[in-house]
Amino acid sequence: MILGSDGDLEATYWYEGRCPYSGEILRLPRTTQVEELAKKLMQEIAVANPSQSQEGKMYGVLLVESTMGEKILLKAFSGLLNGTSHLDGWVPPIAGREKVAIAESMTLTKLESIKQELIKLSQIPERREYALRSQIYAEQLQALRDQHQVSKQARQLLRSQNSADLAQLDRESQLEKMARRNLKRDRDQVLQPLQQVIADADARMALLKKERRELSRTLQTQMHSAYVLTNFAGETRSLREIITEGAMPTGMGDCCAPKLLHYAATHTLTPLAMAEFWWGNPSPDGYKIQGEFYGACVERCQPLMGFLLSGRRSLPSLLEDTDVDSQSLQIQNLQIIYEDDCLIAIAKPAGLLSVPGRYLDTQDSVLSRLRQSLGTDIPLYPVHRLDRQTSGILLFARDLDSSRNLQQQFQDREVQKIYEALLSDAIKHSQGTIDLPLWGNPENRPYQQVDFERGKPSLTEFQVIGTKEKYPRLEFKPLTGRTHQLRVHAADGRGLGMTILGDRLYGCDAATDRLHLHARDLTFRHPRSQKQIDLHIPVPF
């Protein structure tokens, strides 16, 4: 599509990456103009696919300038659309996918089969039966021991009085021992076959997980070696050459942003602005919804931005300030709310990790920014964590002794935490306590669920303290510290039965820009002075 006037150049977001050659931050804006062009594409997609149950995926548009000065709009989609990677009018996939297409299809089919078998093995009825029968036998055996203990004490009293038939007393003792042995024998006869079935299932699961890792590793190696990207300096590299360390997620190179930038670089087009949006059903994690704009995904796109933007012709000063170091800005955006020789407390913004993840694309976090700001030689120990989408008080210790002291306070439930949240709709009760054990299925991370057999005890006090528009405002006091505790206790029907506003993972479909959960207050004893420290930060919603 060829366009006319430049339109509005106000930037609403910056795609960024560090140049692998100069080390400088390279930036490409999302502007209000390109957002309007993206909205027109949304309308076209809606007309072409009126179904309300269409597959959700990321789409992108890139506004470029040709060597003749023409403004052209490119469009792309991530992965496959309607089962194909090539559609007229859309930017084609990056070269390489076709080389491994058959191997990819076969591997993905096998991986799905392995996933389904793992789920079945983790849920075999013998596991539930073993847990139930083990508990019953344990209770029966304890009751028998208690009964026999009383009988033993009575026999000892009779022996001390020399007024009983000692042979009869010995016989009673032997019968009691025999009863315990018979119960244990019955227990073993029932439980051992169940144990064997469970052991066989666990062994099969271990083999399947190993096979899954090997299949994924082989496919990723093939794909990452085959995919070849070109930047605006004219340099061509495979994904494996660009990302030389760490694991790379499946699908890297298939996102619309790398497709668009690679196409522009290989067709001598200068990028001016780019926008990516989600269309269709919500993403599997629930955090991407139709019609919303999103930045570069941290797993698949962000690690490639520095290479892809290298060599791009500079944009007008209206759009880019080459003196700005975005990483420095990010570090400055961390607000310190308390600091002394032992502690440092940060007002964590929503959307930022508490500590770095395992991979290169999840290194940006409160801890990593603090280390960059204060110096990598300064010791810092995270005392607790907040979910990525949760804002609020995050505490770090500055020495190991303080860290151990504070972690012990958390473990002993001496630390008082108060969260504030908005719920997505009204609830029946204005206050109360939620006692629901939580368990995280290892095959469905990070999702947590209520499970009375495998779950860990989880206790939350709540109170309605107001409303904002139609949304109830609640104060939460978690008495335990389980992953996603407040989010599950709110969403589950046996708890509040209403999701926290913006909690896509647990079913909220309201159009909001964040999870409305905030760690507002934190009270604890100072690790050295033992004085009570009360920290508070205002709620941003």
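None of the values given here were measured: they were computed from a predicted structure. (Residues numbered from 1 in each chain as written. Predicted model: local features only at pLDDT ≥ 70, side-chain atom pairs only at ≥ 80, totals over all residues. Heavy atoms only, no water.)

What follows is about the overall build of the chain. What the chain contains, in helices and strands, is 11 helices and 21 strands. Here the chain, with 541 residues, has 45% of them falling under the buried criterion. Taking contacts inside the chain between residues at least 6 apart in sequence as the whole, the part at least 24 apart equals 66%. By element, 49% of the accessible surface of the chain is carried by carbon and sulfur atoms, the whole surface being about 28,300 Å². (Helix = DSSP H or I, 4+ residues; strand = E, 2+ residues; numbered from the N terminus. Buried < 20%, exposed > 50% of the residue type's maximum accessible area, 1.4 Å probe, protein only. Contact = heavy atoms within 4.5 Å. Areas by Shrake-Rupley, 256 points an atom, 1.4 Å probe, with all protein chains shown as cover.)

This part takes up the nonpolar core. Counting 41 residues, the largest nonpolar core has L62, L74, L229, L261, M274 and M305 as the members making the most contacts within it. For this core, the elements supplying multiple residues, two or more each, are β3 (25-31), β4 (57-65), β5 (71-77), α4 (166-226), α5 (239-242), α6 (256-266), β8 (270-279) and α7 (302-309). A per-element tally of this core places α6 first, with six residues. Setting aside residues no more than four positions away along its own chain, L261 makes contact with L28, L62, F232, P271, M274, M305, L308 and L309. (Core = buried A, V, L, I, M, F, W, Y, C linked by side-chain atoms within 4.5 Å.)

With respect to the helices and strands, S238 occurs in strand β7 (residues 236-238). It is 10.0 Å that separates the C-alpha atoms of S238 and A95, two residues lying 143 residues apart in sequence.

What follows covers the pairing of strand β21 (residues 532-536). Regular strands have side chains that alternate between both faces of the sheet. The two faces of β21 differ: I533 and L535 on one face are buried, but Q532, D534 and H536 on the other face are not. Pairing between strand β20 (residues 517-525) and β21: five bridges, direction antiparallel. Each bridged residue has a counterpart across the sheet, and for F524 the counterpart in β21 is I533. Taking the residues that link successive antiparallel strands as the turn, the β20-β21 hairpin has six residues, and the phi of Q530 there is positive, at about 65 degrees. (Pairing = 2+ DSSP bridges.)

With that out of the way, let us pick up the packing of aromatic side chains. Scanning all chains against the criterion turns up six aromatic pairs. A ring pair is formed by Y59 and W90, whose centres lie 5.9 Å apart and whose planes are at 50 degrees; its orientation type is tilted. Here the residue Y59 occupies a position in strand β4, and W90 occupies one in the loop between β5 and α2 (101-122), the gap between them amounting to 31 residues. Neither Y59 nor W90 differs from the other in exposure class; each is buried. (Phe/Tyr/Trp six-rings, centres within 6.5 Å; stacked < 30°, edge-to-face > 60°.)

Applying the stated rule across the entire model yields 25 salt bridges. Residue K39 pairs with E36 through a salt bridge whose shortest N-O separation is 3.6 Å. Taken together, the residues K39 and E36, both in helix α1 (residues 32-48) and three residues apart, mark about one turn of the helix. E36 sits in the partly exposed class, given a relative accessible area of 45%. Several salt bridges converge on common partners, so that one network encompasses E420, R473, E475, R520 and D521. (Salt bridge = Lys/Arg side-chain N within 4 Å of Asp/Glu carboxyl O.)

The subject of this paragraph is helix α10 (residues 400-411). Here α10 is 12 residues long and its end C-alpha atoms lie 16 Å apart, about the 16 Å a rise of 1.5 Å per residue gives. All buried positions along α10 are accounted for by S402, S403, L406, Q409 and F410. In a view along the axis of α10, the buried residues occupy a sector of 125 degrees, so they form one face of it. Residues of α10 that are exposed and point over 90 degrees away from its buried face: D401, R404 and Q411. Those residues of α10 that are buried lie in contact with β11 (343-348), β12 (381-382), β13 (391-397), β14 (416-422) and β20. Between a side-chain oxygen at the N-terminus of α10 and the backbone nitrogen of D401 the separation is 3.2 Å; the capping residue is D399. (Expected span 1.5 Å × (residues − 1). Arc of directions from axis to C-beta. Polar contact = N/O pair within 3.5 Å; in protein donor to acceptor, adjacent residues only side chain to side chain.)

Bringing the side chain of T499 into the picture now. Tracing the backbone shows T499 in the loop between α11 (485-491) and β20. At 2.9 Å, the side chain of T499 and the side chain of S424 are in polar contact. With residues near it in sequence (within four places) discarded, T499 still touches L423, S424, A490, A491, Y506, G507 and C508.

The interhelical angle for the contact between α6 and α7, taken along N-to-C directions, is 10 degrees, at an axis separation of 10 Å. On the basis of the axis angle, α6 is roughly parallel to α7. Together, A257, P258 and L261 of α6 and L304, M305, L308 and L309 of α7 make up the contact between the two elements. Tallied by class, the residues present in the contact of α6 with α7 amount to seven nonpolar, no polar and no charged. (Axes fitted to C-alpha atoms, helices over the stretch in contact; angles between N-to-C directions. Parallel < 35°, antiparallel > 145°, perpendicular 65-115°, else oblique. Nonpolar A, V, L, I, M, F, W, Y, C, P; charged D, E, K, R; others polar.)

Among the eight residues of α7, six are classified as buried, and the element is accordingly described as predominantly covered. Taken together, the buried positions of α7 are L304, M305, G306, F307, L308 and L309. Note on α7: the residue one or two positions beyond its end, G311, has a positive phi of about 85 degrees.

Moving on, we come to the confidence of the model for the chain. Mean pLDDT over the chain: 85, with 88% of residues reaching 70 or higher. Confidence drops under a pLDDT of 50 for residues 4-8, and excluding neighbours within four residues, the segment shows eight contacts in the predicted structure. For residues 313-332, every residue scores under 50 in pLDDT, and the model assigns this stretch 31 contacts once sequence neighbours within four places are set aside. (pLDDT = per-residue confidence, 0-100.)

Further remarks concern the environment of P379. As for its position among the elements, P379 is in the loop between α9 (366-374) and β12. The spacing of P379 and A397 is 18 residues in sequence and 8.3 Å in space, taken between C-alpha atoms. Those residues in contact with P379 that lie beyond four places of it in its chain are A397 and R398.

In the sheet, strand β10 (residues 335-339) pairs with β11 via four bridges, with the strands oriented antiparallel. Directly across from I336, in β11, lies its bridge partner I346. Connecting the antiparallel pair β10 and β11 is a turn made up of three residues.

Turning our eyes to something else, we now look at unusual backbone geometry. Of note in the backbone geometry, T268 takes a positive phi value of approximately 55 degrees without being a glycine. Inspection of the secondary structure assignment puts T268 in the loop between α6 and β8. Residue classification places T268 among the exposed residues on the basis of a relative accessible area of 55%. With a phi close to 55 degrees, H484 is a non-glycine residue in the positive phi region.

With that settled, consider the environment of Q448. As for its placement among the helices and strands, Q448 is situated in strand β17 (residues 448-450). Among the residues examined, Q448 registers a relative accessible area of 13% and is labelled buried. Considered as a pair, Q448 and T483 are 35 residues apart in the sequence and their alpha carbons are 7.4 Å apart. Within the local environment of Q448, its side chain forms a polar contact with the backbone oxygen of P446, the two atoms lying 3.2 Å apart.

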